[in-house]
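# Overview (structure and organization)
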Amino acid sequence: ISSRATTKVIVVGGGGTMGSSTALHLTRAGYTPSNITVLDVYPIPSAQSAGYDLNKIMGIRLRNRPDLQLSLEALDMWTNDPLFKPFFHKVGMIDCSSSDDGIANLKRKYQSLIDANIGLEKTNWLLETGEILEKVPAFTKDQVQGWKGLFCGDGGWLAAAKAINAIGHFLKYKGVNFGFGKSGTFKQPLFAADGSTVNGIETIDGTKYYADKVVIAAGAWTSTLIDLEDQCVSKAWVFAHIQLTPEEVKKYKNIPVVYDGEYGFFFEPNEHGVIKVCDEFPGFSRFKQHQPYGASSPKMISVPRSHAKHPTDTYPDASEETIRKAVARFLPQFKDKVLFNRSMCWCTDTADANLLICEHPKWKNLILATGDSGHSFKLLPNIGKHVVELIEGALPSELADAWAWRPGGDALKSRRGAPAKDLSDMPGWRHDAKI
Ligand code: FSA
């Protein structure tokens, strides 16, 4: 397409998962790097992106129609693309449970993989208790009594922040433009004379950037920037780290990611002997009066508060308990270890857990790419390709329909077990620095 070379694109939130992927695919598709501008509050990899993390889960989960195609594309790129390959630790992923409902769920999930009819039974299978023990020899027989599993051999974990960082290096090397800090922080869109065609954005320091297309990929912050009419509710999930000794590390090296929907999940130790542990729960909102661009007056919006900007914040007291519970389930011998780097990580849910990737219905050339619904980091290698398709009016309808502007539904609950609780009702997380 000849216009690729001359089309100017701004990516707001370009330091995060969907934004960096978009900038990458623009350059790969032949857009001129000096015509691409990546803006973010923090330099890439943006410290307030959910992707700014030690590790994220790679696996094939089929919640929605587009998930199969997206996971397979991602798997191919994490496996074969030289930019992404170094960050995929294909150690496998085990979904576990010991409850009747949980085990029935594993069987349903397994069946949906089989029903996809593309041979997924070659890499995914159900595990009996003993087989779980074989995959994770550090578990004890007593500990896994009654557990069943679903193994995903195509899964594992992704060195998340490092992978975004690699995209950042590539974009810099190519000569893409960047704006960070106040000159990377979105204030409002700029419009052509018709008043409805977006032709740029202004940042909070008053800088004006002009472009043919503006992509807003600000993750959980998107709903605070542009009125999304309640389609996305931003929520925090929590994690903590524990430190292993070199002796302890040996037992846990190369084990699969272990996930239990009723407890949480953990990853093998990283190169510094650090294990990340998460609990599983419906997330925390942070509602307050806020006026995003396009809303006629302030309204209740769940506004993220990042650890990057508030490094003394941790997580609610209740999370300490549930993370301790996950540690006791998965790593009982470490139950008295110190939990450190305790923090919250912000994602944004849509009602149906499909992404929200579409042109704004009223403002031409303003493209939204958000609605990760907590399960999109694994799409880092490929999601930007589809944003570029959308920019070019070539997004296949199976994706365009699922990702369309679609007010209505309950994004506070989304497809989770319960609606998010609000952080204002959860004591313990805010630890402002003492002056
Ligand atoms: O395989 C996956 O999609 C992992 S999602 C990980 C997680 O922390 C969730 O457990 C949580 O509920 C939220 O969606 C954020 O992501």
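These lines cover the structure that appears in this document, whether it is placed above or below.

## Brief notes about the site of the ligand
Neighbouring the ligand are Ile57, Arg61, Trp237, Phe265, Glu280, Phe281, Gly374, His375, Lys378 and Arg416. Between the ligand and Glu280, the relevant distance is 2.6 Å, taken from an oxygen atom to a side-chain nitrogen or oxygen of the residue. Contacts to the ligand include Arg416, whose side-chain N or O atom sits 2.9 Å from an oxygen atom. Burial of the ligand by the surrounding chains reaches 91%, relative to a free accessible area of 390 Å². For the shell around the ligand, the residue count by class is four nonpolar, two polar and four charged.

## Things to note about the state of the cysteines
Summed over the entire model, instances satisfying the criterion amount to zero disulfides. Summary of cysteine pairing: Cys152 is not part of a disulfide, and the nearest cysteine sulfur, belonging to Cys96, is at 13 Å. Here Cys345 stays free of any disulfide, with the sulfur of Cys347 as its closest cysteine sulfur at 4.8 Å. Residue classification places Cys345 among the buried positions, given a relative accessible area of 11%.

## Looking at the packing of aromatic side chains
For the coordinates displayed, the defined rule picks out 16 aromatic pairs. For the ring pair Trp78 and Phe84, a centre distance of 5.4 Å and an interplane angle of 75 degrees mean the geometry is edge-to-face. Taken together, the ring pairs in this structure connect Phe139, Trp147, Phe266 and Phe330 into an aromatic cluster. Over the face of the ring belonging to Tyr259 we find Arg61, whose NZ or CZ atom lies 4.5 Å from the ring centre. Its end group placed over the ring of Phe151, Lys135 keeps NZ or CZ at 4.1 Å from the ring centre.

## Details of unusual backbone geometry
The residue after Ile44, namely Pro45, is reached through a cis peptide bond having omega 0 degrees. Examined against the element boundaries, Pro45 turns out to sit in the loop between β2 (36-40) and β3 (56-58). Residues other than glycine seldom take positive phi values, yet Glu229 does so here, at roughly 55 degrees. Positionally, Glu229 belongs in the loop between α6 (222-225) and β14 (233-243). Judged by relative accessible area, which is 32%, Glu229 ranks as partly exposed. Backbone geometry at Ala353 places phi at a positive 65 degrees, although glycine is not the residue there. Here Ala353 shows up in the loop between β21 (340-349) and β22 (356-359). By relative accessible area, Ala353 is classed as buried at 16%.

## Examining the pairing of β22
Note that β22 and strand β23 (residues 366-370) share four bridges and pair antiparallel. Bridge pairing links Ile357 to Ala369 in β23. Joining the antiparallel neighbours β22 and β23 is a turn of six residues, in which Asn365 adopts a positive phi near 75 degrees.

## Thoughts on empty space enclosed by the protein
All told, the structure shown has one cavity of 30 Å³ or more when counted by the stated rule. If you go around the largest cavity, you meet 16 residues; those closest to its centre are Asp67, Ala353, His375, Ser376 and Leu379. Of the residues assigned to the lining of the largest cavity, the class counts are five nonpolar, six polar and five charged.

## Some remarks on the pattern of salt bridges
The final tally for this structure, using the stated rule, is 23 salt bridges. Two residues, Lys385 and Glu73, come together in a salt bridge whose shortest N-O distance is 3.9 Å. Pair noted here: Lys385 is in helix α9 (residues 383-391) and Glu73 is in helix α2 (residues 67-80), with a separation of 312 residues, a long-range link. As a salt-bridge pair, Arg342 and Glu320 come within 2.9 Å of each other at their nearest N and O atoms. Of the two residues, Arg342 sits in strand β21 while Glu320 sits in helix α8 (residues 317-330), which places them 22 residues apart along the sequence. In the salt-bridge network here, residues are joined through shared partners; they are Asp53, Lys56 and Lys276.

Conventions we followed
- Residues numbered from 1 in each chain as written.
- Predicted model: local features only at pLDDT ≥ 70, side-chain atom pairs only at ≥ 80, totals over all residues.
- Heavy atoms only, no water.
- Near = heavy atom within 4 Å.
- Polar contact = N/O pair within 3.5 Å; in protein donor to acceptor, adjacent residues only side chain to side chain.
- Areas by Shrake-Rupley, 256 points an atom, 1.4 Å probe, with all protein chains shown as cover.
- Nonpolar A, V, L, I, M, F, W, Y, C, P; charged D, E, K, R; others polar.
- Disulfide = S-S within 2.5 Å.
- Buried < 20%, exposed > 50% of the residue type's maximum accessible area, 1.4 Å probe, protein only.
- Phe/Tyr/Trp six-rings, centres within 6.5 Å; stacked < 30°, edge-to-face > 60°.
- Lys NZ or Arg CZ within 6 Å of the ring centre and 35° of its normal.
- Helix = DSSP H or I, 4+ residues; strand = E, 2+ residues; numbered from the N terminus.
- Pairing = 2+ DSSP bridges.
- 1 Å grid on protein atoms, 1.4 Å probe; cavity = no way out; pocket = protein on both sides within 12 Å on 5 of 7 lines; lining within 4 Å.
- Points joined across faces, edges and corners; volume = space filled by probe spheres on them.
- Salt bridge = Lys/Arg side-chain N within 4 Å of Asp/Glu carboxyl O.

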